[in-house]
Amino acid sequence: NGSQGHIAHAEATASDGGHALSEVVPKKKKVVLLGTGWAGMSFLKSLNNPTYEVEVVSPRNFFVFTPLLPSVTCGKVEARSIAEPIRNIIRKKNVDISFSEAECVKIDPQNKKIYCRATIDSHSKGEEEFAVDYDYLIIAVGAQVNTFNTPGVMENCHFLKEIDDAQKIRKNVIESFEKACLPSLSDEERKKILHFVIVGGGPTGVEFAAELHDFVNEDVVKLYPKVKDLVKITLLEATDHILNMFDKRITNFAENKFGREGIDVKLGSMVTGINENEISTKARGNGKTTSTPYGMVLWSTGIGPRPLIKEFMKQIGQGNRRALATDEWLRVEGFDSIYALGDCATINQRKVTEDIAEIFKKADKDNSGTLTVKEFQETLNDICERYPQVELYLKNKQKRNIVDLVKEAKGDAAKESMELNIEEFKAALSEVDSQMKNLPATAQVANQQGAYLAKCFNRMEECEKNPEGPPRFRGTGRHRFHPFRYRHLGQFAPLGGEQTAAQLPGDWVSIGHSSQWLWYSVYASKQVSWRTRALVVSDWLRRFIFGRDTSG
Ligand code: FAD
Ligand code: MG
Ligand code: MG
Ligand code: MG
Ligand code: MG
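It should be emphasised that the depicted structure is a prediction, and the values quoted were computed from it without experimental measurement.

Caption draft 1: Expanded view of the overall build of the protein. Counting its regular elements, the protein contains 17 helices and 23 strands. Taking the principal axes of its C-alpha atoms as reference, the protein extends roughly 85 × 80 × 40 Å. Across the 552 residues in the protein, those meeting the buried criterion constitute 49%. Put simply, 64% of the contacts in the protein that link residues at least 6 apart link residues at least 24 apart. Split by element, the accessible area of the protein, about 27,300 Å² in all, is 51% carbon and sulfur. Counting 74 positive and 73 negative side-chain charges, the protein places the averaged centre of each group 3 Å from the other.

Structure representation (structure tokens):
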């Protein structure tokens, strides 16, 4: 029932008598957006079609620039500088947008309704819960930390996901140094307090280790000279390498740099449990278990679905998944009016091999039952748009042209004719699906998805008026939506000491001080407002001139 019902018209009732027909205004379509993180903020910023009425529901009335959270942990940047009030963003819009500080606790797709619980302390119980109807629901609630059910993690570890977390870490780091300076302690006790353990060698864990090391080198040596030599930083990683989503050159550089600086990187080290005093690990090679006293642990091993999403997935038969599955237009599988994006969702990319008959039929324009090279070539753009793996395959295998694909698929028969029958077409594309991969859970993806979805909403009316093509190839007409395509712009891994590793598209790798400057300028320019940009840049300057603020 796709578009019907959304353009409901306000009824001009008979009893209104004198009122003219011109007062009949189309009722605005109600869009409910869950979440004010990267995906939600980006959607709001790009939405500019005033025919919608938007209600934003999120337990947090501000957006957080997460890439700078590690900088907050040791006082390089202030927490306030990386938060932008969501009301600042929506007040500048030409669209009717309201905000409720609440958490969505249940989604009822049959009745197009969500149930919410206010997160503000309220005296009267009755006001805490409410329901909201929607025409379109956009789920952008992100993900939560994943402990992999490791005992003791929830109780004893720090996490780095929200602003509060970063502030708690900062306070705890500074308190650790103050505590270690108390006269009553033995050196053994001081060493325990100043043993910082990081679990997880991904970008967040590595950046925190680097921040902490810089803090010790640049400020602690001057401020806490008595205990500076008792500090120890340990980084535990379960696989063979840290930063393993990056180029090998970056991984090697980071491991060597940390090694030289005395950060103890323990690879192949699985954490099996944590109690108040000790962290237990198991070495992957020999299975040896070790328990080590610690002062503070940061747990940074990955993300998992929030309870709301887990429950919703169960409701709609996706119970065995780790994130909500959507199609390439970011619609939750099976629901035309529910969209999901960012860390809570994953695009269920279609396999070429499963759709091969349809692709063939579509490419065979003259219905001859075979494809000429020309016919193949002409549909290639459409195929690549719907199936990005084909483009990747052609790129990676250096088989940039179709003639090679055709020749290989036909073998000796290619000498007689270059036309493909369906079996040969299947053979030509049989390996492309091996190039499929899920998009990473990053701000970059969430940001692009939010902007993409807003564009779809901006043009939805226009698109609904134009007939759609066959569903498999919806993206091909001029007036129709294109499926979401991710454009990777590269990624950074700050490694401390004013050095950053940058990996840009085309496997361009740069490591060192020059990339640190690139990092500063990219992160300044990506700020969502001039206000936060000014705050962040002045924090950086303040630190250069005065060092970190260590008042805990
Ligand atoms: P989030 O940004 O997490 O937003 C989720 C929103 O939903 C929040 O506002 C939350 O309050 C709200 N919410 C939660 N539950 C509910 C509910 N029940 N109802 C309504 N609203 C709800 N990515 C990069 O690309 N580059 C980086 O350098 C980078 N660095 C990072 C550093 C750190 C420390 C962290 C934690 C992440 C980093 N990321 C980075 C990843 C990036 O932050 C995430 O991929 C991104 O935030 C995902 O956006 P999202 O909108 O899906 O979720
Ligand atoms: Mg969001
Ligand atoms: Mg965010
Ligand atoms: Mg995702
Ligand atoms: Mg033909």
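After that view, the rundown keeps rolling.
Caption draft 2: How the structure looks around the coordination of the magnesium ion (ligand 5). The protein atoms that coordinate the magnesium ion (ligand 5) are D364 (OD), D366 (OD), S368 (OG), T370 (O), E375 (OE) and E375 (OE), at distances of 2.2 to 2.7 Å. Read N to C, the donor residues that coordinate the magnesium ion (ligand 5) are spaced as D-x1-D-x1-S-x1-T-x4-E. Taken together, the residues D364 in the loop between α10 (356–363) and α11 (373–386) and E375 in helix α11 connect sequence positions eleven residues apart. Here D364 matches E375 in class, with each residue buried.

Caption draft 3: Expanded view of helix α8 (residues 248–261). Between the first and last C-alpha of α8 there are 20 Å, a value that for 14 residues agrees with the 20 Å anticipated at 1.5 Å per step. For α8, the side-chain oxygen to backbone nitrogen distance between the N-cap and R249 is 2.9 Å, and the N-cap itself is D247.

Caption draft 4: Quick peek at the packing of aromatic side chains. Per the counting criterion, the structure on display carries 22 aromatic pairs. Consider the rings of Y339 and F457, whose centres lie 5.2 Å apart with planes at 65°: the pair is edge-to-face. You can see Y339 sitting in strand β19 (residues 338–340) and its partner F457 sitting in helix α15 (residues 443–465), a full 118 residues away along the chain. Judged by centre distance (6.3 Å) and plane angle (55°), the ring pair of Y520 and F544 falls under tilted. With Y520 in helix α16 (residues 513–525) and F544 in helix α17 (residues 530–546), this pair connects stretches of sequence that are 24 residues apart. On the accessibility criterion, Y520 (5% relative accessible area) is buried. Lying over the aromatic face of Y387, R386 brings its terminal NZ or CZ to 6.0 Å of the ring centre.

Caption draft 5: Structural context of the site of ligand 1. Around ligand 1, a shell composed of 31 residues is seen, among which A39, T66, D343, T442 and A443 lie nearest. S58 places a polar side-chain atom, nitrogen or oxygen, 3.4 Å from an oxygen atom of ligand 1. One of the side-chain nitrogen or oxygen atoms of R60 is found 3.4 Å away from an oxygen atom of ligand 1. Mapped by element, the contributors of at least two residues to the shell around ligand 1 are α1 (38–46), β2 (52–58), α2 (69–73), β5 (96–108) and α15. Per element, the largest residue contribution to the shell around ligand 1 is three residues, and it comes from α15. The residue makeup of the shell around ligand 1, split by class, is 16 nonpolar, ten polar and five charged.

Caption draft 6: Expanded view of the coordination of the magnesium ion (ligand 4). Protein coordination at the magnesium ion (ligand 4): the donors are G342 (O) and A345 (O), at 2.4 Å from the metal. Assessed through its relative accessible area of 17%, A345 is described here as buried.

Caption draft 7: Focus on helix α12 (residues 388–396). Among all positions of α12, only P388, Q389, V390, Y393 and L394 are buried. Buried-residue contacts for α12 involve α11 and α13 (402–410).

Caption draft 8: Just the confidence of the model for the protein, in detail. Counting all residues, the mean pLDDT for the protein is 89, and 90% of those residues have values of 70 or more. For the stretch residues 1–18, pLDDT sits under 50, and the model shows 16 contacts to residues farther than four places along the chain or on other chains. In the predicted assembly, ipTM is 0.97 and pTM is 0.89.

Caption draft 9: Layout of the pairing of strand β23 (residues 508–512). Pairing of strand β22 (residues 499–504) with β23, which is carried by five bridges, proceeds in the antiparallel orientation. Following the sheet pairing, T500 is matched in β23 by G512. Connecting β22 to the next strand, β23, in antiparallel fashion are three residues, including G506 with a positive phi near 80°.

Caption draft 10: Here's a closer look at the environment of G512. When you line up the elements, G512 lands in strand β23. Given a relative accessible area of 5%, G512 falls into the buried group. Taking the C-alpha atoms as reference, G512 lies 7.7 Å from E498; in sequence the two are 14 residues apart. Setting aside chain neighbours within four positions, we find G512 in contact with E498, Q499 and T500.

Caption draft 11: Structural context of the state of the cysteines. Enumeration over the complete set of coordinates arrives at zero disulfides. Residue C116 stays outside any disulfide, its sulfur separated by 5.1 Å from that of C104, the closest cysteine. C181 takes part in no disulfide bond, and the closest cysteine sulfur, belonging to C74, lies 16 Å away. Taking relative accessible area as the criterion, C181 reaches 22% and is therefore assigned partly exposed.

Cut-offs applied
- Residues numbered from 1 in each chain as written.
- Chains lettered and ligands numbered in written order.
- Predicted model: local features only at pLDDT ≥ 70, side-chain atom pairs only at ≥ 80, totals over all residues.
- Heavy atoms only, no water.
- Helix = DSSP H or I, 4+ residues; strand = E, 2+ residues; numbered from the N terminus.
- Buried < 20%, exposed > 50% of the residue type's maximum accessible area, 1.4 Å probe, protein only.
- Contact = heavy atoms within 4.5 Å.
- Areas by Shrake-Rupley, 256 points an atom, 1.4 Å probe, with all protein chains shown as cover.
- Lys, Arg positive; Asp, Glu negative; His and termini not counted.
- Charge placed at Lys NZ, Arg CZ, Asp CG, Glu CD.
- Donors = N, O, S within 2.8 Å, 3.2 Å for Na, K, Ca; no water.
- Expected span 1.5 Å × (residues − 1).
- Polar contact = N/O pair within 3.5 Å; in protein donor to acceptor, adjacent residues only side chain to side chain.
- Phe/Tyr/Trp six-rings, centres within 6.5 Å; stacked < 30°, edge-to-face > 60°.
- Lys NZ or Arg CZ within 6 Å of the ring centre and 35° of its normal.
- Near = heavy atom within 4 Å.
- Nonpolar A, V, L, I, M, F, W, Y, C, P; charged D, E, K, R; others polar.
- pLDDT = per-residue confidence, 0-100.
- Pairing = 2+ DSSP bridges.
- Disulfide = S-S within 2.5 Å.

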